[in-house]
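Inside the fold
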Amino acid sequence: MITTFGDRLSAAMAARGPLCVGVDPHPALLTAWGLSDDLAGLRSFAATCVTALAGEVALLKPQSALFEAHGSGGVAVLERLIADARAAGTLVLVDAKRGDIGSTMTAYARAYLTEGSPLAGDAVTLSPYLGFGSLEPALEIARATGRGVFVLARTSNPEGASVQDALVSDEKGTRSVAQRVVDAAAQLNVGAPRLGDVGLVVGGNLPSLKLDLSGLNGPVLAPGFGAQGGTVADLRRLFGPALPGVLPTSSRDVLRHGPDVAALRQAVRGLRAELASAPAGG
Ligand SMILES: O=c1ccn([C@@H]2O[C@H](COP(=O)(O)O)[C@@H](O)[C@H]2O)c(=O)[nH]1
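Residues numbered from 1 in each chain as written. Predicted model: local features only at pLDDT ≥ 70, side-chain atom pairs only at ≥ 80, totals over all residues.

1. What about the site of the ligand?
Neighbouring residues of the ligand: 18 residues in total, closest T155, S156, P223, S251 and R252. Counting only elements with at least two residues in the shell around the ligand, the list comes to β10 (246–250) and α11 (252–255). Its residues placed into classes, the shell around the ligand shows 3 nonpolar, 11 polar and 4 charged. (Near = placed C-beta within 6 Å. Helix = DSSP H or I, 4+ residues; strand = E, 2+ residues; numbered from the N terminus. Nonpolar A, V, L, I, M, F, W, Y, C, P; charged D, E, K, R; others polar.)

Written as structure tokens, this is what we have:
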């Protein structure tokens, strides 16, 4: 029987806490780790991340762009990382932010969500800004293969506000573009017993939330935590009672502790402890 992504994520969060750590092999980090900015350096960086982080976090999030920047060899390193992390029992969210017209979306879904595809982790990030409905081929394949998606709603970058906070009116009234994304995701999660498979991306460093997440019944990935300025206090302030479904994600602020495996683990354990001391509230 296929277990749902929501069930697997929920179990991982209960066992290890809600932290997601990003694997973002920036050239500056490779250099800081004493590695060359080439395929050999990338391979070593990815292998160290799996050794240090698999088993420590609820979700590991490789940033596809930083692997793609190395060409086909870089994509092969990403494929290996996905396989190794999953074999080590850690859920993998491939941060590729895909979104296109339906026919092309089907091909992205084959790549990132189909069983047996080397780029398929447990979930992928999607952009709904060609229209939420254009994501349907990916949603359908995710359902069939027990995988998940995280749809961009209100991103952590300041430029996101100009599009995502814009108000639009329809038969349901006036809402922001981001709230419409939230509501569309919520509809897909209705009836999920634990956590739905359709998650959202909402910045953990925003000045204010301006979103009603109360009906989502799904996970919220919160980037912007760490290097982009977001703190545990910000998570509490922004998400309040929705905090139990929120996975803060941090890349550079954790990875700067490498390449020492023990130091990386210590950084992650420190963050997990800090998050555990931040119960949901208003
Ligand atoms: O709104 C978004 C969506 C995705 N990201 C990605 O998360 C990491 C953040 O890296 P840090 O080093 O922790 O800042 C990166 O891969 C982004 O592409 C985001 O930051 N904001």
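2. So, the nonpolar core
Counting 82 residues, the largest nonpolar core has A58, L59, A138, V149, V151, A153 and L200 as its most contacted members. Tallying contributions element by element places helix α3 (residues 39–53) first for this core, with 7 residues. (Core = buried A, V, L, I, M, F, W, Y, C linked by C-beta atoms within 7 Å. Buried ≥ 20, exposed ≤ 12 C-beta atoms within 10 Å, placed from the backbone.)

3. A look at the packing of α3 against helix α5 (residues 71–87)
At a closest axis distance of 10 Å, the pairing of α3 and α5 adopts a crossing angle of 15 degrees. When the axis of α3 is compared with that of α5, the two are roughly parallel. You can see that α3 and α5 cross each other, and the crossing is right-handed. On α5, the residues that touch L39, L42, R43, A46 and V50 of α3 are G73, G74, V77, R80, L81, D84 and A85. (Axes fitted to C-alpha atoms, helices over the stretch in contact; angles between N-to-C directions. Parallel < 35°, antiparallel > 145°, perpendicular 65-115°, else oblique. Left-handed = near helix turned anticlockwise from the far one by under 90°. Contact = placed C-beta atoms within 7 Å.)

4. Comments concerning the pairing of strand β7 (residues 173–176)
Sheet topology places strand β6 (residues 167–170) next to β7; 4 bridges connect them, and they run antiparallel. Across the sheet, residue D170 finds its bridge partner in β7, namely G173. (Pairing = 2+ DSSP bridges.)

5. Overview of helix α9 (residues 177–189)
If you check α9, its first and last C-alpha atoms are 19 Å apart, about what 13 residues at 1.5 Å a residue would give, namely 18 Å. Turning to α9, its buried residues number three or more, namely A178, Q179, V181, V182, A185 and L188. Buried positions along α9 lie against α7 (136–145), β5 (148–154), α8 (161–164), β7 and β8 (198–202). Directly beyond the C-terminal end of α9, a positive phi value near 90 degrees is found at G191. (Expected span 1.5 Å × (residues − 1).)

6. Let's talk about the sheet that holds β8
Pairing is parallel around the closed barrel formed by 8 strands, whose spatial order is β1-β2-β3-β4-β5-β8-β9-β10. Each neighbouring strand pair of the sheet contributes to a mean axis angle of 30 degrees, computed without reference to strand direction. Of the pairings in the sheet, the one linking strand β9 (residues 220–222) to β10 comprises 3 bridges and is parallel in character. Each residue of the ladder has a partner; that of L221, found in β10, is L247. The strands touched by α9 are β5 and β8; relative to β5, the strand with the most contacts, the crossing angle is about 155 degrees.

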